[in-house]
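Structural overview
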Amino acid sequence: MIHSGEYCMNLAVIHSRAILGVKAPLITIEVHISEGLPGFLIVGLPETSVKEAKDRVRSALMNSNFIMPAKRITVNLGPADLPKEGSRYDLPIAIAILIASQQIAVDNHQHLEFIGELSLSGKLRPCRGTIPSIIAAKRQQRLSIIPHDNLDEAKLISQTPCYAAKSLVEVCQHLNAEALLKQVTQEPMPTSETIQAADMQDIIGQHSAKRALEICAAGNHNLLWLCQLPT
């Protein structure tokens, strides 16, 4: 909670996933809020798209009715020797800031992993590589929170549930146990009864006759085919 306009300085640790081919190595996001001149520093080999997260996260927090701490914010993306790229770290960075500043619950995130890009309004945008991330999180006995627009991908994975959210506010409400997100599970594939029909591939030989049928079918020609049935 916030007391007298001051923040309880703290360290928050959040789990996310990078994309390395078809693999999704674990990324630990540490956020420390400390005294000093206001600043927002991201370390841990972030590429340009990751460095730009500070502007997206700042606007998303403010437009979602949260407070952006006017303190020195240091974000570490570990392991430090693995290059980080993409906007998938927006959501976990925002959640870590809110936990470090104690604006949301601080003990309901250890079994979760977060991926997703934030718009300036706080809405979640889709990101690539959600399927490997969800599978890797399940192996670590954690569930992923992904953007709602990645829902169709998540439904393709068998026996691997996750959560899908539309905005930063929905994720925070889930962490605060105010409005829980619904688990996403694989939808059963529709089944239909099909009648096994005869196929020309089942006919042995008769290459000239089959060729004539293909030409007639392709040109929409009439054909009279006489054949002798076996006695």
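Quick note: structure is the one above.
The structure reproduced in this document is the subject of the present report. (Residues numbered from 1 in each chain as written. Predicted model: local features only at pLDDT ≥ 70, side-chain atom pairs only at ≥ 80, totals over all residues. Heavy atoms only, no water.)

**Structural notes on the sheet that holds strand β3 (residues 39-43)**
Backbone-to-backbone hydrogen bonds pair the strands of a sheet. The strands run either parallel or antiparallel. Taken in spatial order, the four strands make up an open sheet running β1-β2-β4-β3, and their pairing is mixed. In this open sheet, the two edge strands, each paired with only one partner strand, are β1 (11-17) and β3. Shown here is a sheet whose adjacent strand axes are inclined to one another by a mean of 15°, direction ignored. Across seven bridges, the pairing between β1 and strand β2 (residues 26-34) is antiparallel. Bridge assignment links I14 to a residue of β2, and that residue is I29. (Pairing = 2+ DSSP bridges. Helix = DSSP H or I, 4+ residues; strand = E, 2+ residues; numbered from the N terminus. Axes fitted to C-alpha atoms, helices over the stretch in contact; angles between N-to-C directions.)

**Things to note about the packing of helix α3 (residues 90-100) against helix α6 (residues 168-175)**
At a minimum axis distance of 11 Å, the contact between α3 and α6 shows a crossing angle of 50°. In this view, α3 runs oblique relative to α6, as classed from their interaxial angle. Helix-helix and strand crossings are classified by hand; for α3 and α6 the assignment is right-handed. Residues L91, A94, I95 and L98 of α3 form the contact with α6, whose own contacting residues are L168, V171, C172 and L175. Taken together, the residues of the contact of α3 with α6 sort by class into eight nonpolar, no polar and no charged. (Parallel < 35°, antiparallel > 145°, perpendicular 65-115°, else oblique. Left-handed = near helix turned anticlockwise from the far one by under 90°. Contact = heavy atoms within 4.5 Å. Nonpolar A, V, L, I, M, F, W, Y, C, P; charged D, E, K, R; others polar.)

**Side note on the environment of G36**
Mapped onto the secondary structure, G36 falls in the loop between β2 and β3. Here the alpha-carbon distance between G36 and R72, two residues 36 residues apart in the chain, equals 5.7 Å.

**Digging into unusual backbone geometry**
Cis geometry is found at the peptide bond from G78 to P79, where omega equals 5°. Locating P79 in the fold gives a position in the loop between β4 (72-78) and α3. Phi at N65 takes a positive value of approximately 65°, unusual for a residue other than glycine. Assignment of secondary structure puts N65 in the loop between α2 (53-63) and β4. Residue classification places N65 among the exposed residues on the basis of a relative accessible area of 72%. (Buried < 20%, exposed > 50% of the residue type's maximum accessible area, 1.4 Å probe, protein only.)

All quantities given are derived from atomic positions and should not be read as evidence of function.
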